[in-house]
Amino acid sequence: MFIEELKLIHYRNYENECITPHRGINIIMGENAQGKTNLIEAMFFLSRGYSHRASNVAELAQWDHDDFFMNARVVSEGVKHTLSAKSHQGKRQFLLDGKVKKRDKINGIFNTILFEPDDLKIVKEGPDKRRRFLNQEISGFRPEYHYILRDYEKILNQRNSLLKSIHYEPSLITTLDVWDDQLIQTGVRLMNHRIRYLHRLNREANNLHQILSLGKETLSLSYLNNIIDSLEELSEIKNLYKKRLESSREEEISRGSTIYGPHVDDMIIQINGKDARRYGSQGQQRSAAISLKLSQIEIYYDNTGEYPVVLLDDIFSELDEHRRKSILSLLNKTQAFITCTEDILNDGKGEQENRHIIEIVQGKAQVIINK
Amino acid sequence: MGYYPKTLERLVLELGKLPGIGEKSAQRLAFHIINLSDEEISSLSEALISAKAKIVLCQKCFTITDKEICDICENPKRDQETICVVQNSRDIFAIEKTREYNGLYHVLHGAISPLDGIGPQDIKARELLLRIGESDIKEVIMATNATVEGEATAMYLGNLISPLGVKVTRLAKGIPIGADLEYTDEITLIKAFEGRNEI
């Protein structure tokens, strides 16, 4: 899967720009604040339907404009598609080959894997960042996951609201059972998805981490949840879940919220057997985050038979020569976009085929090297 | 608005409060109404007032009716041993259109939803249990919506009814007839897989 042409109109600092990327690696080069990340954001937006930086679509429109328009020619499974997104009065609309589509119907046509500096938080910060990572990545190739998650959140909200109501209307406790049952049904499905995914991710991320660390470090992931202690208990998970809910009822009612379930899941990331969040160095944490994110390339391929488009925003400046080269070699089957302030591929030692440099100056793009 | 006479403006505003009626439609209806004959107008306003005054809930099944007991409950040809539980009266009309179901109904007027402050006391749940206790019901079909709230309501009522020795069933979920599998949304397909039957 790759993008042949990207047109941006009144989007961020792009007035009216048309970019024709290379099928291999594209270096988006430019000084700070010229619009490199905006370009990455545009491709992310087209593929996922939302921005990774702005929660309000109106922010994506150019200063002085209310609406924006973007259009991409993409090739997916050998078929050319035109994918467009526009905003009108703060509402987003997506078109596939000229026809208006719901956002979730454009999934799979054009997929991106994004790595940006904020992704370090997956390793460094709280469990919510890791759950968000899991949710986003699994939804990317398992559409049903998105629906299960949505249902789980609805059930959780209803149940929490009920727990609070039981405080002043104790008779309502008779209805708690049905919410428990639904929580268990949906929660277990969610956990099964996460367990399966983590199993695959563990293998892939460790491979990548080994490469990045010259074989000196092993990365291992384990699934942490408050229902089962080990995967051997998986077959009993529904009963265990029920028991947990039964034994914690009083506490849950006094807290007014649900204590047990996948909404408090976590993923433990270890480097050489030590918790990377606490004991990892900056460099180790960065490599771990990169390994987690870039594992998606192969996992996505396994699930769909196609490589996604890889977007790397501002990570190369912090990496040493070896890691840069290792990452570039991972990208040899994909189309990739890498932002940086200098020509990172020009080390003066060859291997410069597939080098395509797009220079960005104040919202204008110019191809300066095309090999 | 300002450019309409006050009386007309009021009519437009009142009509505009109705569901599905926007400002344009409200204006069009208002102009249509003022052009009606006196006779037509009295007939319309009388219909509005009497509908509101006479429509009550059936004392048995709680659907809307203009009698004490609705036509379905009163009909001796209907299967008196089966009750189909729905969330609102409109669901009855949908099921009746199939002409396949010949039992009785029970309208809950809502579904359990703690977020909206709706508990079993706020829907016609107790009435359903009383009804089952008083008559010889063999099967209760839960036809609440396929939402988490509808599901919770069905499960809650099911848990209360099953111990009474009454069979409780739930409508199946699956692929719409005449629909292509490839166009069916993922969650419906998953449910259809789970509810698959041996042939």
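Residues numbered from 1 in each chain as written. Chains lettered and ligands numbered in written order. Predicted model: local features only at pLDDT ≥ 70, side-chain atom pairs only at ≥ 80, totals over all residues. Heavy atoms only, no water.

The name that an unreviewed UniProt entry assigns to chain B is Recombination protein RecR, with the source organism given as Acetobacterium malicum. Turning to chain B, the UniProt annotation filed under Function (unreviewed entry) states: "May play a role in DNA repair. It seems to be involved in an RecBC-independent recombinational process of DNA repair. It may act with RecF and RecO." Of chain B, the UniProt comment under Sequence similarities (unreviewed entry) reads exactly: "Belongs to the RecR family." (UniProt positions renumbered as here; feature names shortened; annotations may be inferred.)

If you check an unreviewed UniProt entry, chain A appears there as DNA replication and repair protein RecF from Acetobacterium malicum. Regarding chain A, the UniProt comment filed under Function (unreviewed entry) reads as follows: "The RecF protein is involved in DNA metabolism; it is required for DNA replication and normal SOS inducibility. RecF binds preferentially to single-stranded, linear DNA. It also seems to bind ATP." UniProt's Sequence similarities (unreviewed entry) comment on chain A is quoted here verbatim: "Belongs to the RecF family."

Visitor: Tell me what's going on with the UniProt feature "binding site: ATP" (unreviewed entry) in chain A, and back it up with residues and numbers.
Guide: Residue and element names in this part refer to chain A. Mapped onto this numbering, the UniProt entry annotates "binding site: ATP" (unreviewed entry) at Gly-30, Glu-31, Asn-32, Ala-33, Gln-34, Gly-35, Lys-36 and Thr-37. With respect to the element layout, Asn-32 can be found in the loop between β3 (25-29) and α1 (36-48). Taking relative accessible area as the criterion, Asn-32 reaches 61% and is therefore assigned exposed. Tracing the sequence through the fold places Gln-34 in the loop between β3 and α1. (Helix = DSSP H or I, 4+ residues; strand = E, 2+ residues; numbered from the N terminus. Buried < 20%, exposed > 50% of the residue type's maximum accessible area, 1.4 Å probe, protein only.)

Visitor: Outline the interface of chain B and chain A, listing residues and values.
Guide: Residue-level contacts link 18 residues of chain B with 18 residues of chain A. Roughly 1,800 Å² is buried in total at the junction of chain B and chain A, and carbon and sulfur atoms are behind 66% of that figure. Taken as a group, Pro-114, Val-148 and Glu-186 of chain B account for 32% of the area that chain B buries against chain A, more than any other trio of residues on that side. For the interface between chain B and chain A, the tally reads one salt bridge. Note that Arg-189 of chain A and Glu-194 of chain B form a salt bridge whose closest N and O atoms lie 2.8 Å from each other. Along the contact surface separating chain B from chain A lie seven residue pairs in polar contact (both at pLDDT 80 or more). Mapped by element, the contributors of at least two residues to the side of chain B that touches chain A are α7 (148-161) and α8 (186-194) of chain B. Considering only residue class, the side of chain B that touches chain A consists of 10 nonpolar, three polar and five charged. (Contact = heavy atoms within 4.5 Å. Buried area = accessible area lost by both parts, 1.4 Å probe. Salt bridge = Lys/Arg side-chain N within 4 Å of Asp/Glu carboxyl O. Polar contact = N/O pair within 3.5 Å; in protein donor to acceptor, adjacent residues only side chain to side chain. Nonpolar A, V, L, I, M, F, W, Y, C, P; charged D, E, K, R; others polar.)

Visitor: Describe helix α1 (residues 6-16) of chain B, and please don't skip the residues or the numbers.
Guide: Residue and element names in this part refer to chain B. Among the residues of α1, those classed as buried are Leu-8, Glu-9, Val-12 and Leu-15. The buried residues of α1 all sit within an arc of 130° when viewed along its axis, so they share a single face. Set apart from the buried face of α1 by more than 90 degrees, the exposed residues are Lys-6, Thr-7, Arg-10 and Leu-13. In the core, the buried residues of α1 are packed alongside α2 (23-34). (Arc of directions from axis to C-beta.)

Visitor: Account for the nonpolar core, with residues named and values stated.
Guide: Counting residues in hydrophobic clusters, the biggest one holds 125 residues, and the most contacted among them are Met-267, Leu-292, Leu-312, Ile-327 and Leu-331 of chain A. A total of 15 residues in this core trace back to one element, the largest contributor, which is helix α5 (residues 176-212) of chain A. If you look at the next biggest cluster of nonpolar residues, it comprises 13 residues, including Cys-58, Ile-72, Val-86 and Ile-92 of chain B. (Core = buried A, V, L, I, M, F, W, Y, C linked by side-chain atoms within 4.5 Å.)

Visitor: Let's hear about the packing of α5 of chain A against helix α10 (residues 321-330) of chain A: which residues, and what values?
Guide: Residue and element names in this part refer to chain A. Relative to each other, α5 and α10 sit at 140°, their axes nearing to 9 Å. Taken together, the axis directions place α5 and α10 in an arrangement best described as oblique. For the pair α5 and α10, contact is made by Leu-208, Ile-211 and Leu-212 and by His-322, Arg-323, Ser-326, Ile-327 and Leu-330, respectively. The class makeup of the residues in the contact of α5 with α10 is five nonpolar, two polar and one charged. (Axes fitted to C-alpha atoms, helices over the stretch in contact; angles between N-to-C directions. Parallel < 35°, antiparallel > 145°, perpendicular 65-115°, else oblique.)

Visitor: With reference to specific residues and values, describe the packing of aromatic side chains.
Guide: All names here are of chain A. For the structure on display, the rule yields seven aromatic pairs over all chains. A ring pair is formed by Tyr-11 and Phe-68, whose centres lie 5.8 Å apart and whose planes are at 65°; its orientation type is edge-to-face. Here Phe-68 lies in strand β4 (residues 68-76) and Tyr-11 lies in strand β1 (residues 2-11), a separation of 57 residues in the sequence. For Tyr-11, a relative accessible area of 0% gives the class buried. Assessed through its relative accessible area of 2%, Phe-68 is described here as buried. A centroid spacing of 4.2 Å and a plane angle of 15° characterise the contact between Tyr-301 and Tyr-307, whose relative ring orientation is stacked. Residue Tyr-307 is classed as buried on the basis of its relative accessible area, which comes to 13%. Site record: aromatic cluster; members linked through ring pairs are Tyr-11, Phe-45, Phe-68 and Phe-94. (Phe/Tyr/Trp six-rings, centres within 6.5 Å; stacked < 30°, edge-to-face > 60°.)

Visitor: Quick rundown of the domain arrangement of chain B? Include the residues and the values.
Guide: Many structure descriptions define interface size as the accessible area lost when the parts assemble. Under the domain assignment, chain B is made up of domain 1 (6-54) and domain 2 (77-170). Of note, the centres of domain 1 of chain B and domain 2 of chain B, computed from C-alpha atoms alone, are 36 Å apart. (Domains from an automatic or database assignment.)

Visitor: Account for a nonpolar patch on the surface, with residues named and values stated.
Guide: Among the surface-exposed residues, Ile-55, Leu-57, Ile-64 and Phe-93 of chain B lie close enough to one another that they form a single nonpolar patch of about 350 Å² accessible area. Judged by its relative accessible area of 42%, Ile-64 of chain B falls in the partly exposed class. (Patch = residues over 30% accessible without salt bridge, like charges linked within 9 Å, V, L, I, M, F, W, Y side chains within 5 Å. Areas by Shrake-Rupley, 256 points an atom, 1.4 Å probe, with all protein chains shown as cover.)

Visitor: A description of the UniProt feature "domain: RecF/RecN/SMC N-terminal" (unreviewed entry) in chain A should follow, citing residues and the corresponding values.
Guide: Residues annotated by UniProt as "domain: RecF/RecN/SMC N-terminal" (unreviewed entry) correspond here to residues 2-340 of chain A. Between the C-alpha atoms that bound residues 2-340 of chain A the distance is 21 Å, and the span itself is 45% helix and 22% strand.

Visitor: Tell me about the sheet that holds strand β9 (residues 219-224) of chain A, and name the residues and values.
Guide: Either a parallel or an antiparallel arrangement is found when strands of a sheet pair, and the pairing is made through backbone hydrogen bonds. Residues and elements named next belong to chain A. In space, the three strands of this open sheet follow the order β9-β10-β11, with antiparallel pairing throughout. Edge positions in the sheet fall to β9 and β11 (274-275), since each of these pairs with one other strand and no more. Here strand β10 (residues 266-271) runs beside β11; their pairing, made up of two bridges, is antiparallel. When the bridges of β11 are listed, Gln-270 appears paired with Asp-275. Along the sheet face, α5 touches β9 and β10 and points at about 170° away from the line of β9. This element, helix α9 (residues 282-304), spans β9 and β10 of the sheet and lies at about 125° to β10. (Pairing = 2+ DSSP bridges.)

Visitor: Tell me about the environment of His-322 of chain A, residues and numbers included.
Guide: All names here are of chain A. Looking at the secondary structure, you find His-322 in helix α10. Considering only alpha carbons, one finds His-322 and Leu-214, 108 residues apart in sequence, at a separation of 8.5 Å. Dropping the residues within four chain positions of it, His-322 is found in contact with Ile-211, Leu-212 and Leu-214.

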